[in-house]
Amino acid sequence: MRIAHISDTHITGGEAYKSYAYDLTVSEINRLNFDLVVHTGDVTNSGLREEYERAEYELKKIKKPLVVIPGNHDVRNVGYELFEEFIGPLNGVYEFKDGVLIWVDSTIPDLSDGRIGRHKFRWLKKVLEEYSERPIKIVASHHHLVPLPNTGRERNVLFNAGDVLDLLLRHDVTLYLCGHKHVPNVYRVEDLIVDNAGCTSCRKTRRGDVNSYNIVEIEKDRIGVTVRRLVGEEETKSHRPVKSKLFIPRGERLIRIVHVADTRVSDRVYFRRKVLENAIRLINEKLKPDVVVHSGNMVDVGIERNFERASEFWEKIGAPKLAVPGSSDMTCLGHELFPEYFGEPEVTPLRDFTFIPVLTPQYEYEVGSVGRFGQRKLAGDLESAEGTRVVFMHHNVVPIPGSREKGFLEDAGDVLKILTQHGAEIVLTGHGGNAFAVRVENTVVINAGSLSWELHRNTFGNSFNLIDVYPGMIVAFEVQATWGSRRLLGIWPLRPSSGAP
Ligand SMILES: [Fe+2]
Ligand SMILES: [Fe+2]
C-alpha cells in the first residue's frame with residue numbers, strides 16, 4: 001500500500017496559492033505508483049465559492065483514488081456546506097485490501113482550533129470497533145495530535161487530543177495522517193505512526209522550507225514515511241511495529257521512583273489531607289523508593305501558610321526528594337517561597353541516573369513555557385548528563401486524556417523534539433490531573449495524576465506513579481493513593497543511553 005499524503009493546498013485566486021507547486025506535485029503523483037491519495041485539508045484558503053470551483057477543477061487533475069478532508073480554512077465563511085457540494089462528505093470510511101481509512105472532520109466553524117466532538121468521537125470509536133479485525137487501520141484528520149517542532153507557538157492541537165490519542169492507541173491504529181501546521185514531521189507514539197504533511201502548495205512555509213508532500217509505504221512489517229520536497233533531500237523514517245512480547249526483568253532493580261504531582265496543600269475543602277497522609281505512609285513503609293519526584297503544584301496558592309504546611313508533609317517522606325514548581329505554586333509569593341522551602345531545582349545525579357529539572361510555569365499564568373534559552377539549557381543538560389536521564393517538569397508535552405489541551409506548554413513541540421532527539425530515557429510531567437504514559441520515539445513520557453486534590457480528572461481517583469527501572473526495561477504503575485492498588489501504565493524497553501543526537 002502506497003499513499004501520497006498531500007495537505008494544505010490553500011487554493012485561491014490570490015497570492016497564498018502556488019499553482020506551479022501544486023501542478024508539479026500532482027504530475028509526480030500521477031506518474032508514480034500510488035494506491036491512494038489523501039489530502040488532509042485546507043484545500044481552499046477561505047472557503048469561498050470561487051475557491052471551491054477552482055478546487056474542484058484542480059482536484060480532478062489527480063488520477064488516483066482520492067480522499068479529501070476538510071481543514072479550518074475550508075470551513076471559513078460556512079464553507080463546510082460548499083465542501084460537501086463541491087468535494088464530498090466531511091467524514092467517511094474508505095476500505096481497501098487489508099485495511100481501512102477513516103477520515104474525520106476536526107474543524108470548528110470560524111476557529112483555527114480543532115476538536116473531534118462528543119458525537120463524532122463515539123462514531124469514530126464505533127467504526128474502529130467494526131473494523132478491528134483489519135490489520136491496517138488509518139485515521140486521517142486536519143489537526144495535529146502531538147505537538148510539532150518548528151511551528152512557533154504551540155496551538156490548535158485538537159482540544160481533546162489526549163482522548164483521541166488514547167482511543168487510537170487502544171484500537172491499535174497503524175497510522176494517523178494530518179496537516180495544518182505546514183511543517184512535515186513524523187513521530188512514533190508507541191506503535192502508532194503520526195504523520196504530519198507539510199504544505200503542498202501554500203506560500204506559508206516555515207523556517208524558509210519549501211513545499212512538500214509525504215509518501216507513506218505500508219508493508220507487512222514496516223511503515224515508511226518519506227518527506228518529499230519540491231527541491232532538496234528526501235527524508236525517510238521507517239518503523240517496524242514491535243510485536244508484543246513478554247518482558248521479564250533481568251537482574252536487580254536499578255532504581256525505584258515515586259512520581260507525584262498536584263498535592264495542592266491548602267485549607268480549601270478540595271485538599272484531601274488524609275489521602276496525602278495515607279500516601280506518604282504507603283511510600284515510606286511499603287514502597288520504599290530510591291527517590292520521590294514532585295512534578296509541581298505543591299500548594300494550591302503560593303502563600304506562606306500553604307508552603308509551610310506543604311514542607312511539613314514533604315519532610316515526612318524518608319527518601320531523597322526532588323521538586324519542580326507548577327503553575328499553582330507560582331501564584332502570589334510562590335516565586336519567592338518555592339525555592340525557599342523546596343530549594344532551587346538542580347541537575348542531580350543519583351545512582352546511574354541523572355535527574356534534570358525543567359522550569360515551565362510562568363508567574364500567575366496557567367500556560368507553561370520553557371523558552372528558547374531554556375531549551376538550549378535542556379539540550380546541554382541532556383548532552384552532558386551521565387547514565388540514564390530522567391527529565392522532570394510540571395507541564396505535559398504529550399496530550400493527556402480527560403483534559404482539554406489548550407496551550408499546555410507554549411513550546412511543547414520544540415521541547416518534545418529536544419527530548420526525543422537527545423533520547424531522554426524518561427520524562428516525568430504532572431499537569432492535567434490524570435495519569436498517562438506513552439513512548440514517543442524512544443522516550444517514555446509519564447504524567448502523574450493528582451495526589452491529593454479533589455478536582456482531578458481521573459476515574460481511578462487520587463493517585464501517584466511508581467516507576468521501576470531494571471536493566472533493559474522500564475515499568476510504570478499508577479498507585480491509587482487511598483487503597484494502594486496498582487494499575488499498569490506501561491512496560492517499555494530501556495535502551496542504553498545514547499547521549500547527543
Ligand atoms: Fe493550512
Ligand atoms: Fe489548517
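Each chain has its residues counted from 1, running along the sequence as written. Working convention: letters from A go to chains and numbers from 1 go to ligands, in the order in which they are written. Owing to the predicted nature of the model, reporting of local features is limited to residues with pLDDT of at least 70; listing and counting of side-chain atom pairs is limited to 80 or more, with chain, interface and lining totals taken over all residues. Neither water nor hydrogens contribute to the side-chain values; these are computed over all heavy atoms in the structure.

Things to note about the coordination of the iron ion (ligand 2)
By definition of the ideal shapes, four donors in a tetrahedron about a metal sit 109.5 degrees apart, and six donors in an octahedron sit 90 or 180 degrees apart. Nitrogen, oxygen and sulfur within 2.8 Å of a metal are treated as its donors, or within 3.2 Å for sodium, potassium and calcium (Na, K, Ca); water is not counted, so a site can appear incomplete. Within the protein, Asp42 (OD), Asn72 (OD1), His142 (NE2) and His180 (ND1) serve as the donor atoms for the iron ion (ligand 2), at 2.1 to 2.2 Å. Taken together, the 4 donor atoms coordinating the iron ion (ligand 2) span angles of 85 to 162° at the metal, a pattern that classifies the geometry as irregular. Sequence positions of the donors to the iron ion (ligand 2) reduce to the motif D-x29-N-x69-H-x37-H. Exposure remark for His142: the relative accessible area of 0% places this residue in the buried category. Take His180: its relative accessible area is 8%, and that puts it in the buried class. Donor angles set the geometry label: tetrahedral for four donors if every angle is between 85 and 135 degrees, square planar for four and octahedral for six if opposite donors exceed 155 degrees and the others are between 65 and 115, irregular for anything else. Partly exposed residues are those whose accessible area sits between 20% and 50% of the maximum for their type, while under 20% is buried and over 50% is exposed, using a 1.4 Å probe and protein chains only.

Looking at the packing of aromatic side chains
Aromatic rings from Phe, Tyr and Trp, taking only the six-membered ring of Trp, are treated as a pair when their centres fall within 6.5 Å; an angle between ring planes under 30 degrees marks them as stacked, one over 60 as edge-to-face, and anything in between as tilted. In this structure the tally under the stated criterion is 13 aromatic pairs. Seen from their ring centres, Tyr52 and Phe83 are 6.4 Å apart, and the 90° between their planes marks the pair as edge-to-face. Pair noted here: Tyr52 is in helix H2 (residues 49–59) and Phe83 is in helix H3 (residues 79–86), with a separation of 31 residues, a long-range link. Residue classification places Phe83 among the buried residues on the basis of a relative accessible area of 0%. Only DSSP runs of H or I covering at least 4 residues are called helices, and only runs of E covering at least 2 are called strands; the numbering of each starts at the N terminus.

Thoughts on the state of the cysteines
A pair of sulfur atoms, both from cysteines and within 2.5 Å, is called a disulfide here. In the structure shown here, the tally under the stated rule is 0 disulfides. No disulfide involves Cys202; its nearest neighbouring cysteine sulfur is the one of Cys199, lying 5.0 Å away. According to the relative accessible area criterion, Cys202 is buried, its value standing at 4%.

A short note on helix H1 (residues 19–31)
Expected span of a helix, by definition, is 1.5 Å for each gap between consecutive residues, and there is one gap fewer than residues. With 13 residues, H1 ought to run about 18 Å at 1.5 Å a step, and its terminal C-alpha atoms sit 18 Å apart, in line with that. Buried residues of H1: Ala21, Tyr22, Thr25, Val26, Glu28 and Ile29, and no others. Down the axis of H1, the buried side of the element spans an arc of 160°, and every buried residue falls inside it. For H1, exposure combined with an orientation more than 90 degrees from the buried face picks out Tyr20 and Arg31. Pairs of residues are marked as contacts when any of their non-hydrogen atoms sit within 4.5 Å. In this fold, the buried residues of H1 make contact with strand S1 (2–6), strand S2 (36–39), H2, strand S12 (212–219) and strand S13 (222–229). The arc under discussion is defined with respect to the helix axis, by the directions toward the C-beta atoms.

Focus: the pattern of salt bridges
By convention in these notes, a salt bridge is any Lys or Arg side-chain nitrogen within 4 Å of a carboxyl oxygen on Asp or Glu. Throughout the structure, instances matching the rule amount to 30 salt bridges. A salt bridge links Glu95 to Arg134; its shortest N-O distance comes to 3.6 Å. Of this pair, Glu95 sits in strand S4 (residues 92–96) while Arg134 sits in the loop between helix H4 (118–130) and strand S8 (136–140), and the two are 39 residues apart along the sequence. A residue is classified by how much of its surface remains accessible, and Glu95, at 46% relative accessible area, is partly exposed. In this structure, the salt-bridge partner of Arg305 is Asp267, at a minimum N-O distance of 2.9 Å. Placement of the pair is Arg305 in helix H7 (residues 304–316) and Asp267 in the loop between strand S15 (255–260) and helix H6 (273–287), with a sequence separation of 38 residues. On the basis of relative accessibility, which here comes to 48%, the residue Arg305 falls in the partly exposed class.

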